[in-house]
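Overview (structure and organization)
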Amino acid sequence: MKKKIAFALSLVMLTGLFAGCAPKEPTPTQAANPDPAVSEPAAEVKTYNIGVSIYQFNDNFMTLYRNELESYFKSKETDTVKYNVVTQDGKNDMAEQTNQINNFITQGMDLIICNPVQTSSADTLIDLAVDAGIPMVLINREPLGVDADGNTVDESYPGIVDNAEVCYVGADARQSGTYQGEIVRDLADKGDINGDGKVSYVMIIGDPENPDAQYRTEFSIKALTDAGIEVEELVSNIGNWDTAQGQQIAQNALNQFGDKIDVIFCNNDGMALGAATAIEQAGRKVGEDIYLLGVDALEECQKMVKDGTMTGTVLNDHIGQSHKAVDVGIELLEGKSIENYYWVDYVKVDANYVK
């Protein structure tokens, strides 16, 4: 009998022992608050590689543009999406830029942004990107359409509209030229500062192959003639967007024609800065005996307009254009459908402009 009682007690003790070793169900508090030492797995980071080719780093406007482009890409990054932007200088050399695009393709870039050296050769660059299956955003320098004989026509560029992953982001240069002319048209003397009954002008051209230069040259004068103003071209010369060349052209014109010059039109502010130096060295004063126009609205030139040492310029919105290029580029990276053309308006910067 004593043996049976002892055996029963042993069973009870063993049962209690195993029960004490069994895992316990978590309390509601424990279930809601897991061990802080156990962290969630890190989210996967997607990095997009973007190749950017700028026609020439030695360009005032494109320096602002590319810096803003890189900065805006950085601002669009998140914890899970990064953008590795590689920007290269085309050195105003088509062969150099073509080599850069080929390198971007070899490196497996996810997107190419290109500011063409030669707009007439844009198809070559587009074909390289399309054949490699890499989307492309062309910026700032608009390629023009051409007919069967190679003549420029006022239509969308075939190489762009024929491709679903290629687009152009920029401003309509006709508008910038028109605004230059309108600034002169709206002056009290309508640009005839020497009072001889006509506006005698000097035209400093950026690059005759560039549509921006072509349109600014044409439409600045068209705005005057459309208003019934008589004009006379004294000098039309190529300055290649360069400050030193702009100064030399203006200096030569001032030496040759002197007080006969009413207005100096420049296709960009870089050349206008050079012309301003030539005007000062010639003893002329902007606003008193000559007018000076540029395009781009560089900070220095905006200050000159405010101070009266430059008649006017036209804001080529590098912020709006670069941001749109990035936004469209990201849409392409995300596989979204895009338009072929995106336009950003220019803004007149004259004595009435308030920033």
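The text that follows walks through the structure, step by step, so that each part is easy to find. Computed from a predicted structure; not experimentally measured. (Residues numbered from 1 in each chain as written. Predicted model: local features only at pLDDT ≥ 70, side-chain atom pairs only at ≥ 80, totals over all residues. Heavy atoms only, no water.)

This structure, assessed with the given rule, holds 8 aromatic pairs. Measuring from ring centre to ring centre gives 6.1 Å for phenylalanine 61 and tyrosine 65, while their planes differ by 70 degrees; the resulting arrangement is edge-to-face. Of this pair, phenylalanine 61 and tyrosine 65 both sit in helix α3 (residues 60-75), 4 residues apart, which is roughly one turn of the helix. Pair check on accessibility: phenylalanine 61 and tyrosine 65 agree, each one buried. (Phe/Tyr/Trp six-rings, centres within 6.5 Å; stacked < 30°, edge-to-face > 60°. Helix = DSSP H or I, 4+ residues; strand = E, 2+ residues; numbered from the N terminus. Buried < 20%, exposed > 50% of the residue type's maximum accessible area, 1.4 Å probe, protein only.)

Here we come to the pairing of strand β4 (residues 136-139). Both faces of β4 are covered, namely the face carrying Met136 and Leu138 and the face carrying Val137 and Ile139. Each parallel crossover has a hand, and the one from strand β3 (residues 111-114) via helix α5 (residues 122-132) to β4 is right-handed. Summarising the sheet, β4 and strand β7 (residues 166-170) pair through 4 bridges and their orientation is parallel. Counted as the bridge partner of leucine 138 is tyrosine 168 from β7. (Right-handed = clockwise from strand over helix to strand, strands pointing away. Pairing = 2+ DSSP bridges.)

Let us now look at helix α9 (residues 243-257). With 15 residues, α9 extends 21 Å from end C-alpha to end C-alpha; this agrees with the ideal 21 Å at 1.5 Å per step. Taken residue by residue, α9 has Gly246, Ile249, Ala250, Ala253 and Leu254 as its buried positions. Angularly, the buried residues of α9 cover 130 degrees about the axis, an arc narrow enough to put them on a single face. Exposed positions of α9 whose direction lies more than 90 degrees from the buried face are Ala244, Asn255 and Gln256. Each element contacted by the buried residues of α9 is listed here: β8 (199-205), β9 (231-238), β10 (263-266) and α10 (269-281). Its side-chain oxygen at 3.2 Å from the backbone nitrogen of alanine 244, aspartate 242 defines the N-terminal cap of α9. Downstream of α9 by one or two residues, glycine 258 has phi in the positive range, about 55 degrees. (Expected span 1.5 Å × (residues − 1). Arc of directions from axis to C-beta. Contact = heavy atoms within 4.5 Å. Polar contact = N/O pair within 3.5 Å; in protein donor to acceptor, adjacent residues only side chain to side chain.)

Let's shift gears to the pattern of salt bridges. A side chain with one charge can pair with a side chain of the opposite charge if their charged atoms come near. Enumeration according to the criterion identifies 15 salt bridges in this entry. Glutamate 182 is the salt-bridge partner of arginine 185, the closest N and O atoms lying 4.0 Å from each other. In this pair, arginine 185 and glutamate 182 are both assigned in helix α7 (residues 173-185), 3 residues apart and thus about one turn of the helix distant. When its relative accessible area of 25% is taken as the criterion, arginine 185 is described as partly exposed. Owing to a relative accessible area of 15%, glutamate 182 belongs among the buried residues under this scheme. Across the pair lysine 198 and glutamate 232 runs a salt bridge whose closest N-O atoms are separated by 3.3 Å. Separated by 34 residues along the polypeptide, lysine 198 in the loop between α7 and β8 and glutamate 232 in strand β9 bring together distant segments of the chain. Overall, the relative accessible area of 21% leaves glutamate 232 in the partly exposed class. Ionic contacts of the salt-bridge type, sharing partners, join the residues Glu182, Arg185, Asp186 and Lys348 into one network. (Salt bridge = Lys/Arg side-chain N within 4 Å of Asp/Glu carboxyl O.)

Attention shifts here to the packing of α10 against helix α11 (residues 299-307). Where α10 meets α11, the closest approach of the two axes is 10 Å, and the angle between their N-to-C directions is 50 degrees. Relative to α11, the element α10 is oriented oblique. Here α10 runs over α11; the crossing is left-handed. Judged by residue contacts, Asp269, Leu273 and Ala276 of α10 engage Glu300, Cys301 and Met304 from α11. Looking at the contact of α10 with α11 residue by residue, the class counts come to 4 nonpolar, no polar and 2 charged. (Axes fitted to C-alpha atoms, helices over the stretch in contact; angles between N-to-C directions. Parallel < 35°, antiparallel > 145°, perpendicular 65-115°, else oblique. Left-handed = near helix turned anticlockwise from the far one by under 90°. Nonpolar A, V, L, I, M, F, W, Y, C, P; charged D, E, K, R; others polar.)

Let us now look at α10. Its 13 residues give α10 an end-to-end C-alpha distance of 18 Å, which sits within 8% of 18 Å, the value for a rise of 1.5 Å per residue. The buried fraction of α10 amounts to 10 of the 13 residues, a majority that puts the element mostly inside the structure. Of the residues making up α10, those classed as buried are Asp269, Gly270, Met271, Ala272, Leu273, Gly274, Ala275, Ala276, Ala278 and Ile279. Downstream of α10 by one or two residues, glycine 283 has phi in the positive range, about 80 degrees.

With that out of the way, let us pick up the sheet that holds β9. Across the sheet, 4 strands lie side by side as β9-β8-β10-β11; this open sheet has parallel pairing. The open sheet terminates on both sides in strands that have one partner only, identified here as β9 and β11 (291-293). Averaged over all pairs of adjacent strands, the angle between strand axes in this sheet comes to 15 degrees, irrespective of strand direction. Across 3 bridges, β10 lies against β11 in parallel orientation. Its bridge partner being in β11, phenylalanine 265 is matched across the sheet by leucine 293. Each of β10 and β11 touches α7; the most contacted strand, β10, lies at about 160 degrees to it.

Attention now moves to the sheet that holds β3. The 6 strands lie next to each other as β2-β1-β3-β4-β7-β13, forming an open sheet whose pairing is parallel. Pairing within the sheet leaves two strands with one partner each, and these edge strands are β2 (81-89) and β13 (341-343). Averaged over all neighbouring strand pairs, the angle between strand axes comes to 20 degrees, with direction disregarded. Where strand β1 (residues 46-54) and β2 come together, 9 bridges link them in parallel fashion. Its bridge partner lying in β2, isoleucine 54 is registered against aspartate 89.

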